[in-house]
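Residue strings, one per chain:
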Amino acid sequence: IRKKHPKPSQVDSGQKLGSENLIDETSDIEDLLKEEEDYKEENNYSPETLGALKWKEDLSRKAAEAFLRQQQAIPNLRKLIYGMVTEDNEEEGDTQEELGGLFRVSQPEGECKHKADSLDCSRFLVEAPHDWDAEEVINSIKDCFVTGKWEDDK
Amino acid sequence: MATQAHCLSYVGCNFLRQRLVLSTLSGRPVKIRKIRARDDNPGLRDFEASFIRLLDKITNGSRIEINQTGTTLYYQPGLLYGGFVEHDCSVLRSIGYYLESLLCLAPFMKHPLKIVLRGVTNDQVDPSVDVLKATALPLLKQFGIDGEAFELKIVRRGMPPGGGGEVVFSCPVRKVLKPIQLTDPGKIKRIRGMAYSVRVSPQMANRIVDSARSILNKFIPDVYIYTDHMKGVNSGKSPGFGLSLVAETTNGTFLSAELASNPQGQGTAVLPEDLGRNCAKLLLEEIYRGGCVDSTNQSLALLLMTLGQQDVSKVLLGPLSPYTIEFLRHLKSFFQIMFKIETKPCGEELKGGDKVLMTCVGIGFSNLSKTLK
């Protein structure tokens, strides 16, 4: 049984806070998604309460959708970095699918394999360069320089 | 076997250096399999073999096993020994390739490291010696690695494909590292640069300077680009020219960019004017990314934060490079350290793109050799 029941008001404030705490957000969103599933299950068990719970179900789904949108807007870096582990496990080779005990299915492992043998270089290449002749692009870094606007406290 | 149990296993030759460096620091052996296994020319390349030899030189008691085809490498790290070392780097990669890893390891040696590296000082792939000197050394100083003996000197310049450059790097040892709190990069107060030319007309460097200045002066008046024309034996074996630029902020952050001409016999000739302009634009891109550490040194900063005293370290970075992302994963597997990662959207401020605030508590790594002496 879950301890945390995110209410719509909490959800709203969470959205405003943005990426204040990525861990909390992740757990919140998991809760929300679970909640959504739970309601579906409840609906299956007792069809007569469907009407009574309908407004609630809608709210939670809306909140979950809003959160997902938020998540897509600001990529969850923690998940991106630690979510997938590229460490190679020895067991991996043994659990490969075998056909008739003779042939081994050679799976094209795509991106991961492609990356494994690429160039070992620490430079971060610029993929989509800005047009540094355009006025607005020039203005976008204006305050990085001492000649730009200073904060009030300095 | 005990050693086998905690051995980490990886596939492929990518990120070889960071895996071996973290293995050396953590004492955990690594096994890297399928190195270019599907390549027409499988196995380790010359420059990787040279890197492994370098690791063997600066450590004591390392065990390195490579299979016959060179596709599997087993590395059981020894103790970081240091002392005076000389190494001929492969000309396939620049000295920067080797130096980046040495910067990670040097503060933890038993004896202060003084190393002479020979090879290519500037190329188009790796961070050049000039850039590392201007950015990585001030970064290490933030962690308390300082002193007169801390030096990186370019004795000879060598361009690919011939090489022939020489640098001397010396680094003192520290028992513990200071935690850092770099959350405000400050504002850029000046831009310095180095336009170098070897075995071509010294006028090339002047042409680079003029074109780079024409772009940078729109942003800040304090731009000075030194020209460096080395002659005779100090100019290496191949002709070439290039530019490295460094923007320094009021809070001691150094952001860098660089470009080098195409190696002799490869590609078309590059005009020095184009090179200067493009390099200036690369510096502006780096400023747009921003942060307190430039994109090349992100992983170095994160490593030293991890190895620092058991205290909170914070650093504000620009977008994380693919190399850094993989490095964070490796830090987790070798040291069980996970960073707190907060995105800082740029909002209304005219300070470039989104930033990332990285926070961690150091593992309190201390250089034991230092106390035993």
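Residues numbered from 1 in each chain as written. Chains lettered and ligands numbered in written order. Predicted model: local features only at pLDDT ≥ 70, side-chain atom pairs only at ≥ 80, totals over all residues. Heavy atoms only, no water.

Looking at an unreviewed UniProt entry, one finds chain B named RNA 3'-terminal phosphate cyclase-like protein and attributed to Prolemur simus. The annotation that UniProt attaches to chain B under Sequence similarities (unreviewed entry) is "Belongs to the RNA 3'-terminal cyclase family. Type 2 subfamily." You can read under Subunit (unreviewed entry) in the UniProt record for chain B the words "Part of the small subunit (SSU) processome, composed of more than 70 proteins and the RNA chaperone small nucleolar RNA (snoRNA) U3. Interacts with BMS1." (UniProt positions renumbered as here; feature names shortened; annotations may be inferred.)

Q: Kindly report on the overall build of chain B, identifying the contributing residues and their values.
A: Of the regular secondary structure elements, chain B holds 10 helices and 18 strands. By residue count, 60% of the 373 residues in chain B fall in the buried class. Taking the intrachain contacts of chain B between residues at least 6 apart in sequence as the baseline, contacts between residues at least 24 apart amount to 74%. In the structure as shown, chain B presents an accessible area of about 14,200 Å², 50% of it carried by carbon and sulfur atoms. (Helix = DSSP H or I, 4+ residues; strand = E, 2+ residues; numbered from the N terminus. Buried < 20%, exposed > 50% of the residue type's maximum accessible area, 1.4 Å probe, protein only. Contact = heavy atoms within 4.5 Å. Areas by Shrake-Rupley, 256 points an atom, 1.4 Å probe, with all protein chains shown as cover.)

Q: Hey, could you go over the pattern of salt bridges for me, with residue numbers and the actual values?
A: All names here are of chain B. In total, this model carries 22 salt bridges over all chains according to the counting rule given. Across the pair R118 and E166 runs a salt bridge whose closest N-O atoms are separated by 3.3 Å. In this pair, R118 is assigned in strand β8 (residues 111–119) and E166 in strand β10 (residues 165–171), connecting sequence segments 48 residues apart. Residue R118 is classed as partly exposed on the basis of its relative accessible area of 26%. We classify E166 as buried; its relative accessible area is 15%. (Salt bridge = Lys/Arg side-chain N within 4 Å of Asp/Glu carboxyl O.)

Q: Let's hear about the nonpolar core: which residues, and what values?
A: Ranked by internal contacts, the top residues of the largest apolar core, which has 85 residues, are L20, L25, I58, F169, V315, F339 and M358 of chain B. For this core, the element with the highest residue contribution is helix α4 (residues 95–105) of chain B, accounting for 8 residues. A domain-level breakdown of this core finds at least three residues from each of domain 1 (1–80) and domain 3 (293–372) of chain B. Once residues within four sequence positions are removed from consideration, M358 of chain B is found in contact with L302, M305, S313, K314, V315, L317, L320, L328, F339, K340 and I341 of chain B. By size, the runner-up hydrophobic cluster in this structure holds 31 residues, among which are I138 of chain A together with I208, A247 and A257 of chain B. (Core = buried A, V, L, I, M, F, W, Y, C linked by side-chain atoms within 4.5 Å. Domains from an automatic or database assignment.)

Q: Summarise the packing of aromatic side chains; cite the residues concerned and give the values.
A: Residue and element names in this part refer to chain B. Applying the stated criterion across every chain, the model contains 9 aromatic pairs over all chains. When the ring of F15 is compared with that of Y323, the centres are 6.1 Å apart and the planes differ by 45°; the resulting orientation is tilted. In this pair, F15 is assigned in the loop between β1 (8–11) and α2 (16–26) and Y323 in helix α9 (residues 322–335), connecting sequence segments 308 residues apart. Y323 carries the same exposure label as F15, and that label is buried. Between Y224 and Y226, the aromatic rings sit 4.9 Å apart at their centres with planes inclined by 70°, giving edge-to-face as the arrangement. (Phe/Tyr/Trp six-rings, centres within 6.5 Å; stacked < 30°, edge-to-face > 60°.)

Q: Could you give an account of the interface of chain A and chain B, with specific residues and numbers?
A: Of the residues lining the interface, 47 residues belong to chain A; the matching set on chain B comes to 67 residues. When chain A packs against chain B, close to 5,300 Å² is buried across both sides, 55% of that on carbon and sulfur atoms. For the chain A face of the interface with chain B, the top three residues by lost area are Y82, D120 and F124 of chain A, together amounting to 16%. Across the salt bridge formed by D133 of chain A and K281 of chain B, the nearest N and O atoms sit 4.0 Å from each other. In this structure, the connection of chain A to chain B is made through 27 residue pairs in polar contact (both at pLDDT 80 or more). Counting residues per element, the side of chain A that touches chain B draws most heavily on helix α4 (residues 77–82) of chain A, which supplies 5 residues. (Buried area = accessible area lost by both parts, 1.4 Å probe. Polar contact = N/O pair within 3.5 Å; in protein donor to acceptor, adjacent residues only side chain to side chain.)

Q: Residues and numbers for the packing of α2 of chain B against helix α3 (residues 46–58) of chain B, please.
A: All names here are of chain B. Where α2 contacts α3, the axes come no closer than 11 Å and their chain directions differ by 15°. In terms of axis orientation, α2 runs roughly parallel to α3. For the crossing formed where α2 meets α3, the hand is right-handed. Each of L16, R17, L20, V21 and T24 in α2 lies in contact with α3, whose residues at this interface are E48, F51, I52 and L55. (Axes fitted to C-alpha atoms, helices over the stretch in contact; angles between N-to-C directions. Parallel < 35°, antiparallel > 145°, perpendicular 65-115°, else oblique. Left-handed = near helix turned anticlockwise from the far one by under 90°.)

Q: Tell me what's going on with the environment of G364 of chain B, and back it up with residues and numbers.
A: All names here are of chain B. One can find G364 in the loop between β18 (355–361) and α10 (368–372). Overall, the relative accessible area of 33% leaves G364 in the partly exposed class. The sequence separation of G364 and Q310 amounts to 54 residues, and the corresponding C-alpha distance is 4.8 Å. Setting aside residues up to four positions removed in sequence, G364 forms contacts with L307, G308, Q309 and Q310.

Q: Go over unusual backbone geometry with me, naming the residues and quoting the values.
A: Residues and elements named next belong to chain B. Of note, the amide linkage connecting P160 to P161 takes the cis form, showing an omega dihedral of 0°. By secondary structure assignment, the location of P161 is in the loop between β9 (151–156) and β10. One non-glycine residue, F15, lies in the positive phi region at around 60°. Unlike most non-glycine residues, K34 shows phi in positive territory, near 50°.

Q: So, the pairing of strand β13 (residues 223–230) of chain B: which residues are in play, and what are the values?
A: Residue and element names in this part refer to chain B. Relative to β13, strand β12 (residues 188–198) runs parallel, the two being bridged by 8 bridges. Within β13, the position partnered with I191 by the bridge is V223. As a crossover connection, the stretch from β12 through helix α6 (residues 203–216) into β13 is right-handed. (Pairing = 2+ DSSP bridges. Right-handed = clockwise from strand over helix to strand, strands pointing away.)

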